[in-house]
Amino acid sequence: MTDTMHASKQELMATAETKMLTEVTTGSWTLRQKIALTCRALSDAGHDSGLAGQISARGGQPGTFVTQRLGLGFDEITEDNLLLVNEDLEVLDGEGMPNPANRFHSWIYRARPDVNCIVHTHPLHATALSMLEIPLVVSQMDIAPLYDDCAFLADWPGVPVGNEEGEIISAALGDKRAILLAHHGQLVVGNTVEEACSLGHLIERAARLQLLAMAAGDIKPLPPRLAKEAHDWTLTPRRSEANFAYYARRALRNHPDTLTN
C-alpha cells in the first residue's frame, strides 16, 4: 500500500492533477453548443438583463467570432440561432444582426491572442458593485481563480458601441482574465469557452460575497502566496472543463431545447 500521509502538498497536488485527466468526467460539445449552453447556464445564474450582454467565441477563420443574435435573451439561445460575424460585425453565417456592443469584442480579440471566449453580462450583484466605483476584492477560497486577475475600469465610457469604447475596455483589461466595469457590469475572458463560463459564474458570486461582507465589516485580505497557489490550482484546464460539464448538465436538465443535434 502506498503511504501518502507524509507526501508534500506539491506532490499531492501533482498527483491529483494527473488523476483528473483520466478520472474526472467532462463532456463533448461543439463550439456552438458550448456557447448556447453557456448562455443558458448564466441566464439561470442571474446573468440575464433583458437583451444586455454578449457571449462570443472565436470562429474558425481569423477575425471572426460566433455570438448571439440581437433580440434574443440568453434563455432563448440555441446552437442553431447563433451568428458568425467578422470584426466589422457583418454576418457571415446566420440570420439577424449581432448586438452593436459586440464591437469591443473585436478589440479584445485583436489585443489578446490568448483569448478565445468573452463573456460580458450585467448580473445583479456585479452590476450593483460596479455602481460603488470600487474594485472587486477576492478574499475567499472559492473565488481564488480571480485573485490578482480582475482589472477595474473606474470611468464609465458610455454605451460601448464605438471604437473608442473598444480601445478603452481592451486596454483596461490588459492581461487579466476579468474586469469590473464601473456603472456597467462585468467581463471575463478565457482561453476556452469552458474557462470563460466558469469565471462568469465566479465573478458574480464574488461580487455578491463582497457586498455581503462589506455590509458586515471590513474585508480581510488573503495571504498572497496561498492566494496565488489557489489561483493556479483552481484554473487548470481540466478543472474548467469539469466545472463547465456540471453547468452544462444542469442547463440541459432545465433547457433540453438548447441543443438540436
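Residues numbered from 1 in each chain as written. Predicted model: local features only at pLDDT ≥ 70, side-chain atom pairs only at ≥ 80, totals over all residues. Heavy atoms only, no water.

(A) Region of the structure containing a negative patch on the surface. Negative charge collects at one region of the surface, where Asp44, Asp48, Asp75 and Glu76 lie side by side. Take Asp75: it is sitting in the loop between strand 2 (64-67) and strand 3 (83-86). Given the relative accessible area of 43%, Asp75 is considered partly exposed. (Patch = residues over 30% accessible without salt bridge, like charges linked within 9 Å, V, L, I, M, F, W, Y side chains within 5 Å. Areas by Shrake-Rupley, 256 points an atom, 1.4 Å probe, with all protein chains shown as cover. Salt bridge = Lys/Arg side-chain N within 4 Å of Asp/Glu carboxyl O. Lys, Arg positive; Asp, Glu negative; His and termini not counted. Charge placed at Lys NZ, Arg CZ, Asp CG, Glu CD. Helix = DSSP H or I, 4+ residues; strand = E, 2+ residues; numbered from the N terminus. Buried < 20%, exposed > 50% of the residue type's maximum accessible area, 1.4 Å probe, protein only.)

(B) Fine view of the nonpolar core. Within the largest apolar cluster, 43 residues are counted, with the highest numbers of intra-cluster contacts made by Leu136 and Leu146. Sorting the residues of this core by element identifies helix 2 (31-47), strand 1 (54-58), strand 5 (117-121), helix 4 (124-130), strand 7 (178-181), helix 6 (193-216) and helix 8 (237-254) as the ones contributing at least two each. The element best represented in this core is helix 6, accounting for eight residues. If near-sequence neighbours (up to four positions away) are discounted, Leu146 is found in contact with Leu136, Val138, Ala178, Leu199, Leu202, Ile203, Ala206 and His231. Listed in part, the 18 residues of the second largest apolar core include Phe65, Tyr109, Ile118 and Leu181. (Core = buried A, V, L, I, M, F, W, Y, C linked by side-chain atoms within 4.5 Å. Contact = heavy atoms within 4.5 Å.)

(C) Focus on the UniProt feature "domain: Class II aldolase/adducin N-terminal" (unreviewed entry) in the chain. Here, UniProt's "domain: Class II aldolase/adducin N-terminal" (unreviewed entry) annotation points to residues 33-211. For residues 33-211, the end-to-end C-alpha separation is 34 Å, with 34% helix and 20% strand making up the annotated structure. (UniProt positions renumbered as here; feature names shortened; annotations may be inferred.)

(D) Summary view of the pairing of strand 5. Burial analysis of strand 5 places five of its five residues in the buried class, the great majority of the element. In the sheet, strand 1 pairs with strand 5 via four bridges, with the strands oriented antiparallel. From the neighbouring strand, Ala57 faces strand 5, where its bridge partner is Cys117. Relative to strand 8 (residues 185-190), strand 5 runs antiparallel, the two being bridged by five bridges. The residue of strand 8 that forms the bridge with Thr121 is Gln186. (Pairing = 2+ DSSP bridges.)

(E) Looking closely at the pairing of strand 6 (residues 150-153). Sheet topology places strand 6 next to strand 7; four bridges connect them, and they run parallel. The residue bridging Leu153 from the neighbouring strand is Leu181, located in strand 7. Chirality of the crossover, the property in question, places the unit of strand 6, helix 5 (residues 163-173) and strand 7 among those that are right-handed. (Right-handed = clockwise from strand over helix to strand, strands pointing away.)

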